[in-house]
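Structural description and commentary
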Amino acid sequence: MDLNPRRVALLVAANTALAPFAIDAYLPAMGIIAESIGASIHRTELSISVFLFGFALGQLCFGPLSDRMGRKPVLLGGLVVFMLASLAITMADSLPTLLAWRFIQALGGGACVVNSAAIVRDCFSGREAAKVMSTMAMIMMLAPLVAPAVGSLLLHVAGWWLIFVFLAVYAAFLLWLLGTRLPETRDMSLPAASPRQVIRNYASVLKHREGMGYICAVAASFAGLFAFVTASPFLYLDYFGLSPGVYPLVFGVNVVVIALSNRVNIHLLRKRTPQQNLRLGLLVQLIAALGLVAVTALNIASLVIVVPLIMLFTGMIGLITPNAISSLLDHFGHISATATALLGGIQFTCGALAGVMVGLFEVEHLWPMVLTMLGAALLGNIGVRKLTRAPAVNEQQG
């Protein structure tokens, strides 16, 4: 298919950026939203978990559907659902209403995002696909960095409702852009897997011991990350008393560290295997989580200590995720779309569960966050060491 790789990368990255904006843009407004709907900040933070559950379900359901119906109908349908749900959230006046519309918004978001990688696979292969993916990754890295700052600005201009109007306008822009500039990329003459075959493919990944070890690593580190993301409005706005304007700066440093650790990972891969880097990232994450538990227990958890430890924990995502995914797909190259969709479903479900653990008990302290992060780090380390083979020390990347 004769398509400009850069153009496809920009279109697909603009589409994929929808999810981090939907998750992160309203974080600075969490306290104000809580007041306006008459709920505590902890209960309002559950809207992040509800979004992640819906996002996981959207990926699992709409990935196989786009293989049958084509990419564009599912993608454009998801954008319409996301846009309408975003507008409905602006009128939410209670917690149940907010949670219900966030779930529907997430289903639409899942339908959009699951198509991004599929479109790249349809159009490109080998080195060309890797180039498009790396351009996407670069643009994608900016979204979580920019989103809280945009949210903070919109909150200052008019109020929290404007953040969701912005998300609706962004979805409408994508609807026009992708509707007019992106052709149908799936070869509709190729047979799609039957629903029974899709279930069999999912089952084959779930039964694969080593594959599940790599999925465990990604899901556990993502759960630890979202324990922090869910707790961050309480942590920074209430516990440490930062303003909504400063919040995006303290939050954004984590994204910068993840980007830097991605570069470190590429450098280390010259002499080390992906499996070695994966285990290193998981070990450092565990040390950072133990550090957070220690400073909380000793009652010395100041902003100066907590922020670097969280940076160290979240930064390891750049070492864990790419190495775990590449190791997983080494085993499932023939059904990479299914393996990726299942990974996404498990990953976002674990992130949602971690958010529930942090927000449900309404404890006005760091304990729910730090203990969830420690539990996630322990699970990731145990999962990889029990389910995957130890990497050979003398094995090197070519």
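Data block above holds the structure.
Residues numbered from 1 in each chain as written. Predicted model: local features only at pLDDT ≥ 70, side-chain atom pairs only at ≥ 80, totals over all residues. Heavy atoms only, no water.

Here's the deal with the overall build of the protein
This is how it is decided: Working definition: helices are DSSP H or I runs of at least four residues, strands are E runs of at least two. Numbering for both runs from the N terminus. The quantity called the radius of gyration is restricted to C-alpha atoms. Its globule counterpart is 2.2 Å times the number of residues to the power 0.38. For each residue, the accessible area found with a 1.4 Å probe, counting protein chains only, is set against the maximum for its type, and the residue is called buried under 20%, exposed over 50%, and partly exposed in between. Contacts are residue-level and defined by heavy atoms, with any inter-residue pair within 4.5 Å sufficient.
In terms of regular secondary structure, the protein is built from 16 helices and 0 strands. At 20 Å, the protein has a C-alpha radius of gyration in line with the 21 Å of a compact globule built from 398 residues. Along the three orthogonal principal directions, the C-alpha set of the protein runs to about 60 × 55 × 35 Å. For the protein, with 398 residues in total, the buried portion stands at 55%. For the protein, long-range pairs separated by at least 24 residues make up 85% of all intrachain contacts whose partners lie at least 6 apart in sequence.

Things to note about a nonpolar patch on the surface
How we decide: Put simply, a patch holds well-exposed residues, over 30% relative accessible area, that have no salt bridge, with like charges counted together within 9 Å and Val, Leu, Ile, Met, Phe, Trp or Tyr side chains within 5 Å. Areas reported as accessible are Shrake-Rupley estimates using a 1.4 Å probe. Residue values count occlusion only from the protein chains shown. A pairing counts as a salt bridge when a side-chain nitrogen of Lys or Arg comes within 4 Å of a carboxyl oxygen of Asp or Glu.
Residues L298, I300, V304 and I305 make up a contiguous nonpolar surface patch of about 390 Å² in total accessible area. Accessibility expressed as a relative area gives 44% for I300, which makes it partly exposed.

Thoughts on helix α13 (residues 303-315)
Test applied: Here the expected span of a helix is defined as 1.5 Å times the quantity of residues minus one.
Compared with an ideal rise of 1.5 Å per residue, which puts 13 residues at 18 Å, α13 spans 17 Å between its outermost C-alpha atoms and is within 8% of the ideal. Listed in full, the buried residues belonging to α13 are V306, V307, L309, I310, F313, T314 and G315. On its buried face, α13 sits against α10 (209-239), α11 (247-268), α12 (274-297), α14 (317-331) and α16 (367-387).

Thoughts on helix α8 (residues 161-181)
In this model, α8 (21 residues) spans 30 Å end to end at C-alpha, consistent with the 30 Å of a helix rising 1.5 Å per residue. Along α8, the residues classified as buried are L162, I163, F164, L167, A168, Y170, A171, L174, L177 and L178.

A few points about the packing of aromatic side chains
Under the convention used in this document: Put simply, two rings from Phe, Tyr or Trp (the six-membered ring, in Trp's case) pair if the centres are within 6.5 Å, and we call them stacked under 30 degrees between planes, edge-to-face over 60, tilted for the rest. Criterion for a charge above a ring: Arg CZ or Lys NZ at most 6 Å from the ring centre, at most 35 degrees from the ring normal.
All chains considered together, the criterion is met by 16 aromatic pairs. Here F51 and F55 contribute two aromatic rings whose centre-to-centre distance is 5.8 Å and whose plane-to-plane angle is 20°, an arrangement assigned as stacked. Note that F51 and F55 are positioned in helix α4 (residues 41-69) at a spacing of 4 residues, about one turn of the helix. On the basis of relative accessibility, which here comes to 0%, the residue F51 falls in the buried class. Given a relative accessible area of 2%, F55 falls into the buried group. Aromatic ring contacts, followed pair by pair, group F51, F55, F222, F226 and F348 into a single cluster. A cation sits over an aromatic face here: R102 above Y26, 4.3 Å from the ring centre.

Re the packing of α13 against α14
Packed helices, taken two at a time, are described by the angle between their axes plus the distance between the axes. Under the convention used in this document: Lines fitted to C-alpha atoms define the axes, with helix axes restricted to the stretch in contact, and inter-axis angles between N-to-C directions lie between 0 and 180 degrees. In these notes the angle categories are as follows: under 35 degrees is roughly parallel, over 145 is roughly antiparallel, 65 to 115 is roughly perpendicular, and the rest is oblique. When residue character is reported, Ala, Val, Leu, Ile, Met, Phe, Trp, Tyr, Cys and Pro are called nonpolar, Asp, Glu, Lys and Arg charged, and the others, Gly included, polar.
Contact geometry for α13 and α14: axes closest at 6 Å, N-to-C directions at 10°. Taken together, the axis directions place α13 and α14 in an arrangement best described as roughly parallel. Judged by residue contacts, F313, T314 and G315 of α13 engage I317, G318 and L319 from α14. For the contact of α13 with α14, the residue count by class is 3 nonpolar, 3 polar and no charged.

Section: the environment of R209
Within the secondary structure, R209 sits in helix α10. Sequence-wise, R209 and T388 are 179 residues apart; in three dimensions their C-alpha atoms are separated by 7.3 Å. Contacts of R209, omitting those with residues within four sequence positions, involve K386 and L387.

Quick notes on the pattern of salt bridges
All chains considered together, the criterion is met by 1 salt bridge. In this structure, R389 engages E210 in a salt bridge whose closest nitrogen and oxygen atoms are separated by 3.2 Å. Residue R389 is located in the segment after α16, and its partner E210 is located in helix α10; the two are separated by 179 residues in the primary sequence. By relative accessible area, which is 60% here, R389 ends up exposed.

So, the environment of A339
For A339, the position within the fold is in helix α15 (residues 336-359). Between the alpha carbons of A339 and V205 there is a distance of 6.5 Å; along the sequence they are 134 residues apart. Dropping the residues within four chain positions of it, A339 is found in contact with V205, L328, L329 and F332.

So, the nonpolar core
Using the following cut-off: We define the nonpolar core as a collection of buried residues of types Ala, Val, Leu, Ile, Met, Phe, Trp, Tyr and Cys that are connected through side-chain atoms lying within 4.5 Å of one another.
Of all hydrophobic cores here, the largest spans 98 residues; its most connected members are I33, F226, F228, L235, Y236, I310 and M369. Among the elements that take part in this core, α10 stands out by supplying 12 residues, more than any other. One finds Y214, V284, L319 and V384 within the second-largest nonpolar core, a separate group that totals 23 residues.

Quick word on the state of the cysteines
Our working definition: Disulfide: a pair of cysteine sulfur atoms within 2.5 Å of each other.
Counted under the stated rule, the structure contains 0 disulfides. C112 takes part in no disulfide bond, and the closest cysteine sulfur to it belongs to C61, at a distance of 14 Å. C350 supplies the cysteine sulfur nearest to C216, a cysteine that is in no disulfide, at a spacing of 8.0 Å.

Structural notes on empty space enclosed by the protein
So the rule is basically this: The rule is simple: put a 1 Å grid over the protein atoms alone, call a set of points where a 1.4 Å probe fits but cannot get out a cavity, call an open set with protein on both sides within 12 Å along at least five of seven lines a pocket, and count a residue as lining if it has an atom within 4 Å of a point. Grid points are joined across faces, edges and corners, and a volume is the space filled by probe spheres set on the points.
For the structure on display, the rule yields 1 cavity of 30 Å³ or more. The calculated volume of the largest cavity comes to roughly 40 Å³. Lining the largest cavity we find H42, E45, A231, F234, V358, V363, H365, P368 and M369. Its residues placed into classes, the lining of the largest cavity shows 6 nonpolar, 2 polar and 1 charged.

Looking at the side chain of T388
Under the convention used in this document: Two N or O atoms form a polar contact when they lie within 3.5 Å of each other; inside protein one atom must be a possible hydrogen donor and the other a possible acceptor, and for residues adjacent in sequence the pair counts only when both atoms belong to side chains.
By secondary structure assignment, the location of T388 is in the segment after α16. Relative accessible area serves as the criterion here: at 8%, T388 is assigned to the buried category. One polar contact links the side chain of T388 to the main-chain carbonyl oxygen of V384, over a distance of 2.5 Å. Leave out the neighbours within four places in its chain, and T388 touches E210, G213, Y214, R279 and G383.

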